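Topology and contacts: notes
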Amino acid sequence: MGRRRRLAGAVAEAGAGALPKVITALSQSLPAGPSPEIFRRAKFDRPEAAPALWQLLFRLLSPQSADGTSASPALEAQACWVKAALRSQGYPRLVLAQLPEDGSRGSRELLLALSWLLARGPLPERLLAQAHVQLGDEMPVCECEALASPGPRAPHVEAEGPVDIRCVQWLMGRLRFRWRCLITSQQEQCALLSKIHLYTRGCHSDQRLGHLSVAETEMLRDPEGGQQVRAGARVLAPGWACTPGPGPRSFWNDVRPGRGGADGGRSCAQLCSAFQLLRRLERENVGLEAALEWRRGELVFWRWMDTVLGACPPEAPAAATQPTVLPRIAGRGLGQLELAARELRALQEELCEASERRRAAWAVGGQGRGPQWRSARQALQKAVEQELAALRRAWEQDRGPARPHGPHRLVRREDEAPGGQYLRAAEVIQALRNQEACLEAALHRLQGQCRQELARLAGALPGLIWILPPGR
Amino acid sequence: MLPSGCSRRLVAELQGALDDCAERQLQLEQSLRVSRRLLRAWEPAGILAPEPPLGPETKEEDPSPACTPSPQDLKELELLTQALEKAVRVRKVISKAGERDKAPSLKSGSFATSPGMTASAPTRAPGQAGSCTSEAKPTRGIHQTTVPAKGHPERRLLSAGNRARVGVEARATRPGPGLRDQHVGPSAAPQALEAFTLKEKGRLLQLPAAFRKAASQNSRLWAQLRSAQPRDSTDAAAAAKTQFLQKMQTASGRPGPVLSAVEVEAEVGRLQEACSLLSLRMKEELSAAPTDWTQEYHCLLTLEGLQAVTGQCLHRLQELHAALAEQPVGPCPMERPSRTPPPCGGAADPFWSPQLLLYSSTQELQTLAALRLRVAMLDQQVHLEKVLMAELLPLVSSQEPPSLALCRAVHSLLCEGGERFLTILHDDPADSPPPSPRPQDPVRESPLLPGRS
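Parameters at a glance
- Every chain is numbered on its own, with residues counted from 1 as its sequence reads.
- Each chain gets a letter, beginning with A, and each ligand a number, beginning with 1, in the order they are written.
- Local features in a predicted model are, by the rule used here, given only for residues with pLDDT of at least 70; side-chain atom pairs are given and counted only at 80 or more, and totals for whole chains, interfaces and linings are based on all residues.
- Side-chain numbers here rest on the full set of heavy atoms in the structure, without hydrogens or water.
- Convention adopted: a line fitted to C-alpha atoms gives each axis, helices being fitted over their contacting stretch, and angles between N-to-C directions are expressed from 0 to 180 degrees.
- Each helix corresponds to a stretch of at least 4 residues labelled H or I by DSSP, and each strand to a stretch of at least 2 residues labelled E; elements are numbered beginning at the N terminus.
- An angle below 35 degrees is treated as roughly parallel, one above 145 as roughly antiparallel, one from 65 to 115 as roughly perpendicular, and anything else as oblique.
- Note on convention: near helix rotated counterclockwise from far helix by under a right angle means a left-handed crossing. Clockwise means right-handed.
- Here a residue-residue contact requires only that any non-hydrogen atoms of the pair lie within 4.5 Å.
- In this classification, the charged set is Asp, Glu, Lys and Arg, the nonpolar set is Ala, Val, Leu, Ile, Met, Phe, Trp, Tyr, Cys and Pro, and all remaining amino acids, among them Gly, are polar.
- Any two strands with at least two DSSP-identified bridges between them are counted as paired.
- Throughout this description, the term nonpolar core refers to a set of buried Ala, Val, Leu, Ile, Met, Phe, Trp, Tyr and Cys residues connected via side-chain atoms within 4.5 Å.
- Buried residues are those whose accessible area, probed at 1.4 Å on protein chains only, stays under 20% of the maximum for their type, while exposed residues exceed 50% and partly exposed ones sit between those limits.
- Paired rings are identified among Phe, Tyr and Trp, the last through its six-membered ring, by centres lying within 6.5 Å, and are further divided according to the angle between planes into stacked (under 30 degrees), edge-to-face (over 60) and tilted (the rest).
- By this rule, a helix spans an expected 1.5 Å times one less than how many residues it contains.
- Taken from the helix axis, the directions to the C-beta atoms give the arc we talk about.

Per an unreviewed UniProt entry, chain A goes by the name Tubulin epsilon and delta complex 1 and belongs to Microcebus murinus.

So, on to the packing of helix α4 (residues 50-61) of chain A against helix α5 (residues 75-89) of chain A. The packing of two helices is summarised by the inter-axis angle and the distance between the axes. Residue and element names in this part refer to chain A. Taken N-terminus to C-terminus, the directions of α4 and α5 make an angle of 55°; their axes are 9 Å apart at the nearest point. Classified by the angle between their axes, α4 and α5 sit oblique to one another. The element α4 and its partner α5 pack so that their crossing is left-handed. Across from Pro 51, Trp 54, Gln 55, Leu 57, Phe 58 and Leu 61 in α4, the residues of α5 making contact are Leu 75, Gln 78, Ala 79, Trp 81, Val 82, Lys 83, Ala 85, Leu 86 and Gln 89. Considering only residue class, the contact of α4 with α5 consists of 11 nonpolar, three polar and one charged.

With that settled, consider the sheet that holds strand β5 (residues 407-412) of chain A. Pairing is mixed in the open sheet, where four strands are placed in the order β1(A)-β5(A)-β4(B)-β6(A). The open sheet has two free edges, formed respectively by β1 (138-140) and β6 (422-424) of chain A, since each of these has just one partner strand. Geometrically, the sheet is characterised by an average inter-axis angle of 40° between neighbouring strands, direction not taken into account.

Turning our attention to unusual backbone geometry. In this model, Ala 32 of chain A sits at a positive phi of 60°, which is unusual for a non-glycine residue. With respect to the secondary-structure elements, Ala 32 of chain A resides in the loop between α2 (18-29) and α3 (36-43).

In terms of nonpolar packing, the biggest core is built from 93 residues, with Leu 2 and Leu 392 of chain B touching the most fellow members. The leading source of residues in this core is helix α13 (residues 362-398) of chain B, at 18 residues. Setting aside residues up to four positions removed in sequence, Leu 392 of chain B forms contacts with Ile 165 of chain A together with Leu 2, Leu 10, Val 410 and Leu 413 of chain B. In terms of nonpolar packing, the next biggest core, distinct from the first, is built from 52 residues, Ile 23, Trp 81, Leu 96 and Trp 302 of chain A among them.

It is worth spelling out the packing of aromatic side chains at this point. Under the counting rule described, the total for this entry stands at nine aromatic pairs over all chains. Plain terms: the ring middles of Trp 302 of chain A and Phe 244 of chain B are 5.4 Å apart, the flat faces sit at 50° to each other, and that makes the pair tilted. Here Phe 244 of chain B lies in helix α10 (residues 236-251) and Trp 302 of chain A lies in helix α11 (residues 274-311), a pairing that spans two chains. Classification of Trp 302 of chain A by relative accessible area gives buried; the value is 0%. Through a chain of ring-to-ring contacts, the aromatic side chains of Trp 294, Phe 301, Trp 302 and Trp 304 of chain A together with Phe 244 of chain B assemble into a single cluster.

Let us look at the environment of Ala 25 of chain A. Residue and element names in this part refer to chain A. Note on placement: Ala 25 falls in helix α2. In this structure the C-alpha to C-alpha distance between Ala 25 and Gly 297, which are 272 residues apart in sequence, comes to 9.0 Å. What Ala 25 contacts, discounting residues up to four positions off in sequence, is Ala 290, Glu 293 and Trp 294.

Here we take up α10 of chain B. Residues that lie three or four places apart on an α-helix share one face, since the helix turns once every 3.6 residues. Residues and elements named next belong to chain B. Helix length check: α10, at 16 residues, gives a terminal C-alpha distance of 22 Å against a target of 22 Å (1.5 Å per residue), a fit within 8%. The set of residues buried in α10 consists of Ala 237, Ala 238, Ala 240, Lys 241, Phe 244 and Met 248. Axial view of α10: buried residues confined to an arc of 160°, hence all on one face. Exposed and facing more than 90 degrees away from the buried side of α10 are Gln 246 and Thr 250.

Here we come to the environment of Glu 218 of chain A. All names here are of chain A. Looking at where Glu 218 falls in the secondary structure, it is placed in helix α10 (residues 214-221). Residue classification places Glu 218 among the buried positions, given a relative accessible area of 4%. A sequence separation of 56 residues divides Glu 218 from Ala 274, and the C-alpha atoms of the two residues are 9.5 Å apart.

Next comes the structure, spelled out in structure tokens:
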């Protein structure tokens, strides 16, 4: 208690100058951050502050386009979208949903929404990570980004009308072939990359790195030629609504002329010359410094936000009973849910069947009954309960030590890197092997289920011999 | 033929997977192109832009941060690069026409010098750039280009100062103004100079100083940001934040926390994992052969327990379904491709910051990359398998009588990944006694299951 009072005192003593500084730092660390004046006006719910805050929220929540290559939509559309996005993230206050979308008022509520987002996670850092200029040969160590990144795909040749199953077979065959090609190309790329790293050993000023990356070498070869340098990393954490931004995929993607940010947020690579690259780096450094300053002084901000919240009129409970219609953020939620429900139901049926059988067998059997075995049975019951509890924990809790994720810069060296965080390829390979084994097991299990199901159906057809293909 | 709804979904799904692959392939090919080009001999591609725009490095400048080149500087730069371009062209023409002995080369050198010289003059004339000594540098750089070095032109360039930019050695073929030495002639003639290859001279490359500075500052700042994180949990700021969130919650008048769509998806993912773990456990129990009554009882209790847990999971799923469904849906003004990435388990690391991945040999790197692709492929296969199962199995079971061609195709797709096919023979009753369908567990007896009979 005393400490809190001392802290509050310290904050008050920090003086009136601290708050604007902190807010400026915050603004600088966020993309499209408004001036501190906007924040001040928002506290008093001035209407002129609203549009800037709508735009800021839109920028923070939406998938990033490559630094404004795509035209930003109108204010109404942005406001509508922001409302829906906040709702889908679980924003508690209903006042937001009732704000007019022309941006004429509601700045205080928007300020609260911004602070809510800031309080839930390290927002400036995530955004900076998304826009991070990647100079090295990056390789993601997990598949999260690759699995999640497909944005809205342009609907390809849509099958109109019924197709034959042979069409499906053909598509599967094509898919297999493409994967084979991919693997071959990628092996070649690894070999080339390794050579480049080897040949440029000793060039880099940073001792930890020791050699140049393809992007850096390309820049030296041709400083004026634009090469596309990726930006960003998908920033992941469970529970944090990831603003699905540019995926790195940079290992595959050093140079992609002309595709820029136009492919639906899937990648964010900008064509830059060496000069522009330097500029981008410098801008990022400015943002990083601002983020550090924000972290140092954010307590002041939160004290101030308390006052802002206090200045709000209490929400009428009646408002809670009128859910306003909001556009639904299309996720794959329902589809996934149904798939999961279907699997669980199938499992439940199997378990029901199996346990009934066993129960019947037990009832018939003669051992283990009677009061003299009661304590033994109870002990067994406890043991089973504990095992099941442990099983529950396996999926309910987070997996133990954090698995590494995100893109990592590839560095070729045999010994330890001096200082800093690094991963060894051997560890990643091990983790990937485990994942591979799990997935293979899952696939075999599914295939086994299909076999059983089809066998059951085939059993209904007498007079046929089914000759299986030679096993693996 | 498959029904149209089913067809549409299947084709869409497969086409999506194909597009995914195609995109990866495209990106990979671009990277390959770049890498191959780097490993060949470097041709003098493009025009060297001398260092100046890359910011303040010299002590002569006033310590103003991030010198942005004024439009005037850029114009001068433009002029300079045009002059250099012209010089290259002239030089090429001349050296093609002339012979490669010293006299004509000297002459050609001096001939080529003049356009260069005249170019450098105007750059000096318009005077100074504010804090950038842009004009001073290019001429200095160019002088350095032509500093003679028998057999080691590149090394001299680098030792000539920290401002030596790499590309310069590749540009050693370009003639610069200010020839100072006789030897320059032959060595500067384009044909005579050995092309720059990464293999032989890669070690001599050096990044520009301004760039190095910015990059090192960048990694330093990221390291600082990263180390600022763990403090957060014990910080007063963290306490203030949680307090603020709670106040927001209570002020909203809502009874409980709203289930965000994101959280729902995360939980559904967890329940899916629960399903797979439960079924794994079930298989273990079913395959174990109990030797005495305690084990039998244990098995029975486990199975019943698993059934109960599954029921609870299903119940939870239904709750989530209701929660999702109750949010009123309106028209969506814009597409939002919000696919929540499956949790990677990295909860301890709230945000990503740049890190290194060390590898020690080409082999290791190839293994790593191949494994990554394999995991991606397997994941896609599992997903496709589920989709195919959901679409095709009901189809086959609903047909009465089931079409054999369809059965065969579905079997190959679902059970063999589309790689192998089974054969179906009509069992002619004239040749052999027909197999009588047995009343026992059809699963064990069916010939479709390999290696079981």
